[in-house]
Amino acid sequence: MTKTSAPTTSTIDHWVSGSRVPGSSGRTARVHDPATGQVTAHVALASAAEVDAAVKTAVAAAEEWRSASLSKRAAVLFSFRELLHARTDELAAIITFEHGKVLSDAAGEVARGLENVEFATGVPQLLKGGFSEQASAGVDVYSLRQPLGVVAGITPFNFPAMVPLWMCANAIACGNAFVLKPSEKDPSASMFIAELWKEAGLPDGVFTVVHGDKEAVDALLDHADIAAVSFVGSTPIAKYIYERGTGNGKRVQALGGAKNHALVLPDADLDLAADAIVSAAYGAAGERCMALSVAVAVGEVADGLVSAIGDRLPSLTVGAGSEPGTDMGPLITREHRDKVAGYISAGADAGAKVVVDGREREVPQDGFFLGMTLLDEVTPEMTVYTDEIFGPVLSVVRVDTFDEGLALINANQYANGTAIFTRDGGAARKFKNEVEVGMVGVNVPIPVPVAYYSFGGWKDSLFGDTHMYGPEGITFYTRGKVVTERWPDPATSSVDLGFPRTR
């Protein structure tokens, strides 16, 4: 980060009350093209005062938006959906330029975000309450779900479009105003989304973007007018967000880190498993909270699995995400690339067998590139196993039995996603019933739920009681109210000090 009032490159502003608003704090952060290492822009970093001003405009907008009819909200969401679909290629190019992931992966990210928007277009159905006629003599009872007011989302660099769409689509559909604090590493996707919301007819102030660092985050967590906060990021920060937010009386869902395991049984289709694991481990350079970072090989499958995975890596192309034919792009920053490379060294020093060394891969020298790494004979005390590396490093842990592999997964502090590869329906059923993980795949390597279910892990992968998007997202962004109603004949009215009875 730099302190500068006169950057030599373009400046990325905030989005407040339906337009771009320059920052006034005098602080900015560099934005890079990870494929070249070049600084492409400076993003404004909001002060607490700027956050406060932005939230105040959102408060005013929320008052009007909550009164908008469900039909009006759905119409805006349908319009936003059409714009997002039509301009997917533009948004994907922005993501690739600032994040580095390949264009096809970026387009896939937008598509999964689009699914959440499509779910939210059903808000008239999603907000239907219950009704009980004649619950007592002349008394009807019904339930409502009403918006919270102003809610905030704090999102990570690895999915600069999808994760904001996980949050804002449901939040806005439910009648809230939404304030987004995206990652300062790749902020342009959020500004593109803001433009689309405006073009779709969303009233000014209902969607706000404030860029920033810890000062902006703390200002949102402390602000009296922010009713709820959604977060996706690392476990230490998720815990901080949860504790500070709930300490200020807010509703918080904070998704943390992961160490996702794939349990491979001896009867698995080896080619299918190897293809799936390579795709899930190295896609987006491993910078996914649902990436498979550990393959747990049971018994005699281990040698064949390691060989099959290793054989697939030389044919994969590492390069700029915008180049045709590229399979894996760079990491987000030079510092992160060096940190991931350090984990490879630590694993080797601890006794892991380096089958494929990404540090030796011939890659472009100007950007933040690192090749795919495969480590065998990893043991649970090694840092390559215990830590969330968030890079293109796959560890293979060998176990003798199914039960040993299941116990290994259940002992891990993280519990975001997991998968099993097998032809045995009984083993798969036992695994999905007994594994202590929030999202489970059976011969599916990245079990991210579709938009009409909800996303979230267990243990140190989630702080809070509600998972993200889908039905639980609707619950998170609303609060319930129950109305008990009677229209009696005035002639029958009398005083009764007893407890209300329904019989």
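Draft legend 1. A look at a positive patch on the surface. Taken together, the side chains of Arg66, Arg145, Arg251, Arg479 and Lys481 define a basic patch exposed on the protein surface. Tracing the backbone shows arginine 145 in strand β8 (residues 139-147).

Draft legend 2. Geometry of the packing of aromatic side chains. Applying the stated criterion across every chain, the model contains 11 aromatic pairs. Both rings, one in phenylalanine 455 and one in tyrosine 469, keep their centres 6.1 Å apart while their planes meet at 35 degrees; by these two values the pair is tilted. Highlighted residues: phenylalanine 455 in the loop between β21 (439-442) and β22 (458-459) and tyrosine 469 in the loop between β23 (462-463) and α16 (470-476), separated in sequence by 14 residues. With respect to class, phenylalanine 455 is no different from tyrosine 469; both count as buried. Taken together through their ring pairs, the aromatic side chains of Phe80, Phe178, Trp197 and Phe207 make up a single cluster.

Draft legend 3. Broad picture of the sheet that holds strand β20 (residues 417-421). Reading across from one edge, β16-β17-β18-β15-β14-β20-β21 is the order of the seven strands in this open sheet, with mixed pairing throughout. Each edge of the sheet is formed by a strand with only one pairing partner; in this case those strands are β16 (353-356) and β21. Going across the sheet, the axis of each strand differs from the next one's by a mean of 20 degrees, ignoring polarity. Alignment of strand β14 (residues 260-264) against strand β15 (residues 292-298), held across five bridges, turns out to be parallel. Note on β15: the bridge partner recorded for alanine 262 is alanine 295. Relative to β20, helix α15 (residues 425-434) is tilted by about 165 degrees, and along the sheet it contacts β14, β20 and β21.

Draft legend 4. Highlighting helix α9 (residues 235-247). The first and last C-alpha atoms of α9 sit 18 Å apart over 13 residues, in line with the 18 Å expected at 1.5 Å per residue. Among the residues making up α9, those that are buried are Thr235, Ala238, Ile241 and Gly245. Here the buried residues of α9 occupy an arc of 120 degrees about the axis, which is enough to place them on one side. Those residues of α9 that are exposed and aimed more than 90 degrees away from the buried face are Pro236 and Gly247. Those residues of α9 that are buried lie in contact with β9 (150-154), α8 (214-222), β12 (226-232), β13 (251-255), β19 (414-415) and β23.

Draft legend 5. Seen up close, the side chain of serine 454. Position of serine 454 relative to the elements: it lies in the loop between β21 and β22. Judged by its relative accessible area of 14%, serine 454 falls in the buried class. Polar side-chain contacts of serine 454 include one of 2.7 Å to the backbone oxygen of tyrosine 469. A distance of 3.1 Å separates the side chain of serine 454 from the backbone nitrogen of glutamate 472, its partner in a polar contact. Beyond its immediate sequence surroundings of up to four residues, serine 454 is in contact with Pro449, His467, Met468, Tyr469, Gly470, Pro471, Glu472 and Gly473.

Draft legend 6. The arrangement of the pairing of β12 in detail. When you tally the buried positions in β12, you get six out of seven residues, the bulk of the element. Across five bridges, the pairing between β9 and β12 is parallel. When the sheet's bridge partners are listed, valine 151 is paired in β12 with alanine 228. Direction of pairing for β12 relative to β13: parallel, over a ladder of five bridges. Counterpart to valine 232 in the pairing with β13 is leucine 255. Viewed along the sheet, the connection from β12 through α9 into β13 turns out right-handed.

Draft legend 7. Structural view of the side chain of serine 183. Within the fold, serine 183 resides in the loop between β10 (177-181) and α7 (188-199). Ignoring anything within four residues of it in the chain, the contact list for serine 183 reads Thr155, Pro156 and Phe157.

Draft legend 8. Quick look at unusual backbone geometry. Backbone geometry places phenylalanine 390, a non-glycine residue, at a positive phi of 60 degrees. We classify phenylalanine 390 as buried; its relative accessible area is 17%. Positive phi, normally seen in glycine, also occurs at asparagine 443, with a value near 60 degrees. The partly exposed category is assigned to asparagine 443, whose relative accessible area is 32%.

Draft legend 9. Up close: a nonpolar patch on the surface. Taken together, the side chains of Val450, Tyr452 and Tyr453 make up a nonpolar region of the molecular surface, amounting to roughly 340 Å² of accessible area. Residue classification places valine 450 among the partly exposed positions, given a relative accessible area of 32%.

Draft legend 10. Main features of the state of the cysteines. Counting across every chain of the model gives zero disulfides. Cysteine 289 forms no disulfide, and the closest cysteine sulfur to it belongs to cysteine 168, at a distance of 17 Å. Take cysteine 289: its relative accessible area is 13%, and that puts it in the buried class.

Draft legend 11. Seen up close, the pattern of salt bridges. Counted by the stated rule, this structure contains 25 salt bridges. Salt-bridge contacts for arginine 312 lead to aspartate 275; the nearest nitrogen and oxygen are separated by 2.5 Å. In this pair, arginine 312 sits in helix α11 (residues 301-312) while aspartate 275 sits in helix α10 (residues 270-282), placing the two residues 37 residues apart along the sequence. Within the structure, one salt-bridge network assembled from shared partners comprises Lys214, Asp218, Asp222 and Arg244.

Definitions and cut-offs
Residues numbered from 1 in each chain as written. Predicted model: local features only at pLDDT ≥ 70, side-chain atom pairs only at ≥ 80, totals over all residues. Heavy atoms only, no water. Patch = residues over 30% accessible without salt bridge, like charges linked within 9 Å, V, L, I, M, F, W, Y side chains within 5 Å. Areas by Shrake-Rupley, 256 points an atom, 1.4 Å probe, with all protein chains shown as cover. Salt bridge = Lys/Arg side-chain N within 4 Å of Asp/Glu carboxyl O. Lys, Arg positive; Asp, Glu negative; His and termini not counted. Charge placed at Lys NZ, Arg CZ, Asp CG, Glu CD. Helix = DSSP H or I, 4+ residues; strand = E, 2+ residues; numbered from the N terminus. Phe/Tyr/Trp six-rings, centres within 6.5 Å; stacked < 30°, edge-to-face > 60°. Buried < 20%, exposed > 50% of the residue type's maximum accessible area, 1.4 Å probe, protein only. Pairing = 2+ DSSP bridges. Axes fitted to C-alpha atoms, helices over the stretch in contact; angles between N-to-C directions. Contact = heavy atoms within 4.5 Å. Expected span 1.5 Å × (residues − 1). Arc of directions from axis to C-beta. Polar contact = N/O pair within 3.5 Å; in protein donor to acceptor, adjacent residues only side chain to side chain. Right-handed = clockwise from strand over helix to strand, strands pointing away. Disulfide = S-S within 2.5 Å.

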